[in-house]
Amino acid sequence: MIDADRSPEWYSRGLPHAWLPYCQMKVAPPPLPVVRAHGCRIVLADGRELIDGIASWWSACHGYNHPHIRAAVERQLAVMPHVMFGGLAHEPALALAARLAAMAPAGLARVFFTDSGSIAVEVALKIALQFWLNRGQPGRTRFLCFANGYHGDTLGAMAVSDPERSMHRAFAHGLPRHHVVDIPEDPSGLADLDRFLERHANGIAAMIVEPLVQGAGGMRFHSPEVLAGMRRLATAHDILFIADEIATGFWRTGDRFACETAGIRPDILCVGKALTGGTMTMGATLATEEVFAAFLSDDWDAALMHGPTFMANPLACAAANASLDLFEREPKADRVRQIEVRLRDRLEPCRALPGIVDVRARGAIGVVQLEQGTDVYSLRPRFVAEGVWIRPFKDVVYLMPPLVIDDDELDILISAVRTVLAARR
Ligand SMILES: Cc1ncc(COP(=O)(O)O)c(C=O)c1O
């Protein structure tokens, strides 16, 4: 697929030195050289354009190289690309903090900026542990998390992801053990969770969940009722409720936040990915005033000890503020609902193909689930041959395109999924 003789000089010179993500470097096919991206398209070095079906790991919600975000970052670059956030503050960060607090489920008024989604989760876990310590309950050291969950690649985040079924299996032996239970599917599942919490809540700091959609664990959905039930149980058993909306936040599932769909407010909320419109690395951890208040003390040891070098980087904040401008200017809820209907209706014929287990859609997420054990990785080059960028994993072929995708481009993605799956042997 990559013609070594025609690949750019920077590619052949640099590739032998790069250690690439999530891949067995001995056998993985080489990555595709990209030179540009615009709108919903990725331009390869050989001139081919791929329609992007996964928005750069679900982040490029406004499409690539959006002029409004680019202009905001360029303006900020000319003024102050970076300054430390310890002891200093700047307008892009404080404006963003106020805007996030205003748009998050009511009450999440305190914003802690982080440099990625995984670190937003790390901060959430640290806040939860120290919340109980500061309140005189140091024994609450464990987390309740869910099978097929995924919360990031750093050690703490891996420890609350599914240790058996996730790609992080290799690290299970070196991670703290937390409680991993099946996500409830119905009232009886919630009753099981209730009984579990009756036995274990005393040692638990928080429950952490990806609301409505478990992403990297296999694009699995649960209902708003189940999510609301989980929130109720956290309250009833007096443990904190952490919503990891790094993938689901900013209209991906149809509402601003998936928690909103369920009518709930978490105690701690993690965001990332689409926060900057997918242009810069940044995350944030939001907490309620009640959580925040547990850190206020005359004792310095009660303070939250976290402060990455590039915390609240002004360029990332400028990108995020510009992304929020676009969300305000071009409301997404209606369009995401249209995308959901189109994905559901037009992927549905895949259900009749051999080896397909399920077809489903929620918001701008369309999923075709294959029989376990299917080699979905071998499908990746076939999608490129169809002119689309779609990256199946585990047992799913899924679409999670930029939210600005138009119907024609969406149909090309959907028909590529149908063609490639139908041609599969
Ligand atoms: C739900 C969820 N949490 C956390 C992360 C980690 O975010 P990042 O890759 O920015 O560290 C991801 C990334 O896919 C995610 O989907």
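Calculation notes
Residues numbered from 1 in each chain as written. Predicted model: local features only at pLDDT ≥ 70, side-chain atom pairs only at ≥ 80, totals over all residues. Axes fitted to C-alpha atoms, helices over the stretch in contact; angles between N-to-C directions. Helix = DSSP H or I, 4+ residues; strand = E, 2+ residues; numbered from the N terminus. Parallel < 35°, antiparallel > 145°, perpendicular 65-115°, else oblique. Left-handed = near helix turned anticlockwise from the far one by under 90°. Contact = placed C-beta atoms within 7 Å. Nonpolar A, V, L, I, M, F, W, Y, C, P; charged D, E, K, R; others polar. Pairing = 2+ DSSP bridges. Domains from an automatic or database assignment. Expected span 1.5 Å × (residues − 1). Buried ≥ 20, exposed ≤ 12 C-beta atoms within 10 Å, placed from the backbone. Arc of directions from axis to C-beta. Near = placed C-beta within 6 Å. Core = buried A, V, L, I, M, F, W, Y, C linked by C-beta atoms within 7 Å.

## Describing the packing of helix α7 (residues 187-200) against helix α8 (residues 224-236)
Thinking step 1. Where α7 meets α8, the axes come as close as 10 Å, and the angle between the chain directions of the two elements is 20°. Relative to α8, the element α7 lies roughly parallel. Helix-helix and strand crossings are classified by hand; for α7 and α8 the assignment is right-handed. Facing Leu 190, Leu 193, Asp 194 and Leu 197 of α7, the residues of α8 in contact are Val 226, Gly 229, Met 230 and Leu 233.
Thinking step 2. For the contact of α7 with α8, the per-class residue count stands at six nonpolar, one polar and one charged.

## Considering the sheet that holds strand β13 (residues 356-362)
Thinking step 1. Strands sit in the order β13-β14-β16 across an open sheet of three strands; the sheet is antiparallel. Each edge of the sheet is formed by a strand with only one pairing partner; in this case those strands are β13 and β16 (396-399). Averaged over all neighbouring strand pairs, the angle between strand axes comes to 10°, with direction disregarded.
Thinking step 2. Here β13 runs beside strand β14 (residues 365-370); their pairing, made up of six bridges, is antiparallel.

## Describing the domain arrangement of the protein
Thinking step 1. By the assigned domains, the protein splits into domain 1 (67-329) and domain 2 (333-381).
Thinking step 2. Put simply, the middle of domain 1 and the middle of domain 2, counted by C-alpha atoms, are 27 Å apart.
Thinking step 3. Contacts between domain 1 and domain 2 engage nine residues on the former and 10 residues on the latter.
Thinking step 4. Counted by class, the side of domain 1 that touches domain 2 contains five nonpolar, two polar and two charged residues.

## A closer look at helix α3 (residues 67-79)
One full turn of an α-helix is made of 3.6 residues, so residues set three or four places apart face in the same direction.
Thinking step 1. The first and last C-alpha atoms of α3 sit 19 Å apart over 13 residues, in line with the 18 Å expected at 1.5 Å per residue.
Thinking step 2. Along α3, the residues classified as buried are Ile 69, Ala 72, Val 73 and Gln 76. Take α3 and look down its axis: the buried residues cluster within an arc of 95°, on one side only. What points out from α3, more than 90 degrees from its buried face, is the exposed set Pro 67, Ala 71, Glu 74, Arg 75 and Ala 78.
Thinking step 3. Lining the buried residues of α3 we find α4 (91-103) and α11 (314-329).

## Observations concerning the site of the ligand
Thinking step 1. In the neighbourhood of the ligand, 15 residues make up the surrounding shell, with Gly 117, Ser 118, Gly 152, Ile 246 and Ala 247 lying closest.
Thinking step 2. At three residues, helix α5 (residues 117-134) tops the list of elements feeding residues into the shell around the ligand.
Thinking step 3. For the shell around the ligand, a count of residues per class yields six nonpolar, seven polar and two charged.

## A short note on unusual backbone geometry
Thinking step 1. Of note, the phi angle at Ser 56 is positive, near 50°, even though the residue is not glycine.
Thinking step 2. Looking at the element boundaries, Ser 56 is found in helix α2 (residues 55-58).
Thinking step 3. For Ser 56, a count of 17 C-beta atoms within 10 Å puts it in the partly exposed group.

## Re the nonpolar core
Thinking step 1. Of all hydrophobic cores here, the largest spans 119 residues; its most connected members are Ala 206, Ile 242 and Val 417.
Thinking step 2. It is α5 that contributes the most residues to this core, 10 residues altogether.
Thinking step 3. Structurally, this core is a two-domain feature, drawing no fewer than three residues from each of domain 1 (67-329) and domain 2 (333-381).
Thinking step 4. Residues within four places of Ile 242 in sequence aside, it is in contact with Ala 124, Ala 128, Ala 206, Met 207, Ile 208, Pro 266, Asp 267, Ile 268 and Cys 270.

## Topic: the packing of α3 against α11
Thinking step 1. Across the interface, α3 lies against α11 with an axial gap of 8 Å and an inter-helix angle of 150°. Judged by the angle between their axes, α3 and α11 are roughly antiparallel. Where α3 crosses over α11, the two elements pack in a sense that is right-handed. Contacts between α3 and α11 involve His 68, Ile 69, Ala 72, Val 73, Gln 76 and Leu 77 from the former and Pro 314, Leu 315, Ala 318, Ala 319, Asn 321, Ala 322, Ser 323, Asp 325 and Leu 326 from the latter.
Thinking step 2. Among the residues forming the contact of α3 with α11, the class breakdown is 10 nonpolar, four polar and one charged.

## A few points about the environment of Gly 53
Thinking step 1. Within the secondary structure layout, Gly 53 lies in the loop between β3 (49-52) and α2.
Thinking step 2. Looking at Gly 53, the number of C-beta atoms within 10 Å reads 26, which means it is buried.
Thinking step 3. Each C-alpha atom, one on Gly 53 and one on Ile 365, is 9.9 Å from the other, the two residues being 312 residues apart in sequence.
Thinking step 4. The contacts of Gly 53, once residues within four sequence positions are left out, are Val 388, Trp 389, Ile 390, Leu 399, Pro 401 and Leu 413.

## Things to note about the pairing of strand β10 (residues 240-244)
Thinking step 1. Taken across its five residues, β10 has five buried, putting it largely inside the fold.
Thinking step 2. In the sheet, strand β7 (residues 204-209) pairs with β10 via four bridges, with the strands oriented parallel. Each residue of the ladder has a partner; that of Met 207, found in β10, is Phe 241.
Thinking step 3. In this structure, β10 lies alongside strand β11 (residues 268-271), joined through three bridges in parallel fashion. The partner of Ile 242 across the bridge, within β11, is Ile 268.

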